Amino acid sequence: MNSLDALERRLGVRLSNRALLEQALTHRSHAFEAGGLPTNERLEFLGDAVLGLVVTGLIFDAYPEAPEGRLAKIRAAAVNTNSLARLARSLGIGEHVRLGRGEEQSGGRGKDSILADTTEALLGAVYLDQGVEAVTDLITRLFKDLLTEIVARRESLDAKTSLQELCAAAHATVPVYQLSEEGPDHEKRFTATVIVGGRPLGEGRGRSKKEAEQAAAAQALTVLRREFAVTSGAEE
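What you are looking at is a predicted structure, and each value in this text was computed from that prediction instead of being measured.

S.K.: What should I look at first to understand the confidence of the model for the chain in this one?
M.R.: Should pLDDT be low for a region, the predicted coordinates there are not to be read in detail. Looking at the chain as a whole, the pLDDT averages 88, with 94% of positions reaching at least 70. Least confident of the elements in the chain is helix H11 (residues 209-235), whose mean pLDDT is 78; most confident is helix H8 (residues 112-130), at 96.

S.K.: Before we go on, may I ask you to explain the sheet that holds strand S3 (residues 199-206) in this structure?
M.R.: Sheet strands pair by backbone hydrogen bonding; their relative direction is either parallel or antiparallel. The strand order across the open sheet built from 3 strands is S1-S2-S3, with neighbouring strands paired in antiparallel fashion. Unpaired on one side and paired on the other, strand S1 (176-182) and S3 mark the two borders of the sheet. Recorded for the sheet is a direction-independent mean angle of 20° between the axes of neighbouring strands. When S1 meets strand S2 (residues 189-196), the two strands line up antiparallel, connected through 7 bridges. Pairing of Val176 across the sheet is with Ile195, part of S2.

S.K.: Would you take a moment to explain the pairing of S3 for this structure?
M.R.: For a regular strand, the rule is simple: side chains alternate between the two faces of the sheet. Bridge analysis of S2 against S3 gives 7 bridges, and the strand direction is antiparallel. The partner of Thr193 across the bridge, within S3, is Glu203. Between S2 and S3, which follow one another and run antiparallel, lie 2 residues, and Gly197 among them has a positive phi close to 60°.

S.K.: Just to check I follow, could you spell out the packing of aromatic side chains for this structure?
M.R.: Each aromatic ring pair is described using two quantities: the centre-to-centre distance and the angle formed by the ring planes. Enumeration over the complete set of coordinates arrives at 0 aromatic pairs. The ring of Tyr177 has Lys160 lying over it, and the distance from NZ or CZ to the ring centre is 4.8 Å.

S.K.: Would you mind going over empty space enclosed by the protein with me for this structure?
M.R.: Regions of empty space are outlined by a rolling probe, equal in size to a water molecule, passed over the atoms. Applying the stated rule across the entire model yields 1 cavity of 30 Å³ or more. One number sums up the size of the largest cavity: a volume of about 40 Å³. Lining of the largest cavity is provided by Leu11, Leu91, Ile93, Thr119, Leu122, Leu123, Val126, Leu138 and Leu142. Elements that contribute at least two residues to the lining of the largest cavity include exactly H8 and helix H9 (132-157). No other element matches H8, which puts 4 residues into the lining of the largest cavity. Looking at the lining of the largest cavity residue by residue, the class counts come to 8 nonpolar, 1 polar and no charged.

S.K.: What's the story with the side chain of Glu213 in this structure? I'm lost.
M.R.: Mapped onto the secondary structure, Glu213 falls in helix H11. Owing to a relative accessible area of 13%, Glu213 belongs among the buried residues under this scheme. Not counting the four nearest positions on each side in its chain, Glu213 is found in contact with Lys160, Tyr177, Leu179 and Ala192.

S.K.: How should I be thinking about the packing of helix H4 (residues 41-62) against helix H5 (residues 68-79) in this particular structure?
M.R.: Two packed helices can be described by the angle between their axes and the distance between those axes. Axis separation between H4 and H5 bottoms out at 10 Å; the angle between their running directions is 130°. In this view, H4 runs oblique relative to H5, as classed from their interaxial angle. Both H4 and H5 take part in a crossing whose hand is right-handed. Every residue of H5 that contacts H4 at Leu51, Gly52, Val55, Thr56, Ile59 and Phe60 is listed here: Leu71, Ile74, Arg75, Ala78 and Val79. In terms of residue class, the contact of H4 with H5 is built from 8 nonpolar, 2 polar and 1 charged.

Rules used throughout
Residues numbered from 1 in each chain as written. Predicted model: local features only at pLDDT ≥ 70, side-chain atom pairs only at ≥ 80, totals over all residues. Heavy atoms only, no water. pLDDT = per-residue confidence, 0-100. Helix = DSSP H or I, 4+ residues; strand = E, 2+ residues; numbered from the N terminus. Pairing = 2+ DSSP bridges. Axes fitted to C-alpha atoms, helices over the stretch in contact; angles between N-to-C directions. Phe/Tyr/Trp six-rings, centres within 6.5 Å; stacked < 30°, edge-to-face > 60°. Lys NZ or Arg CZ within 6 Å of the ring centre and 35° of its normal. 1 Å grid on protein atoms, 1.4 Å probe; cavity = no way out; pocket = protein on both sides within 12 Å on 5 of 7 lines; lining within 4 Å. Points joined across faces, edges and corners; volume = space filled by probe spheres on them. Nonpolar A, V, L, I, M, F, W, Y, C, P; charged D, E, K, R; others polar. Buried < 20%, exposed > 50% of the residue type's maximum accessible area, 1.4 Å probe, protein only. Contact = heavy atoms within 4.5 Å. Parallel < 35°, antiparallel > 145°, perpendicular 65-115°, else oblique. Left-handed = near helix turned anticlockwise from the far one by under 90°.

This is how it looks when you write it as structure tokens:
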């Protein structure tokens, strides 16, 4: 088994056009030193467009209550250079990139930009060789867990914004927070209750008002999402 076979096994896709696969792995530094071989830049351009389209579809279907602004932020976090480079490292793509001597010596094999560009080029190659269904399946497999992680991380950092967006999407009233506090000044403890449409949907505690409100919002999000899922299911 050669190295390209190993890469394809990790991707779960085998390309019939081996030259296309090699081109996807060819950085311009190698192409220049080899006398003008085709680089992966055109495939990167194509892969970027395919990736954006598929990821947009995934988050559009997965988060029906999310407004356009939030969907755009999730997509941007999923397809940025850092995320793509992280994915490339998990797949061992760096060891297969064809680099020129100078780029190799300067640590190009580990550069986020090169790893991200090569990942997009590989997606472009899969699209050309296998078609839209195959590349959609590949992107779904590669990005499903990442998208879930991104959404969870964003909500843990700002559940209040997520709750407000969900309420707006469901045409509910704006969340209202009721706060109480206890303890001495140097060791305050806050309790927040969030009211949506006259109903208390979440309660949170924390060392600051913000921490308590975020905890309450996170609890309310769970309740509203469950209700939203039940309602949507009943309408189908």
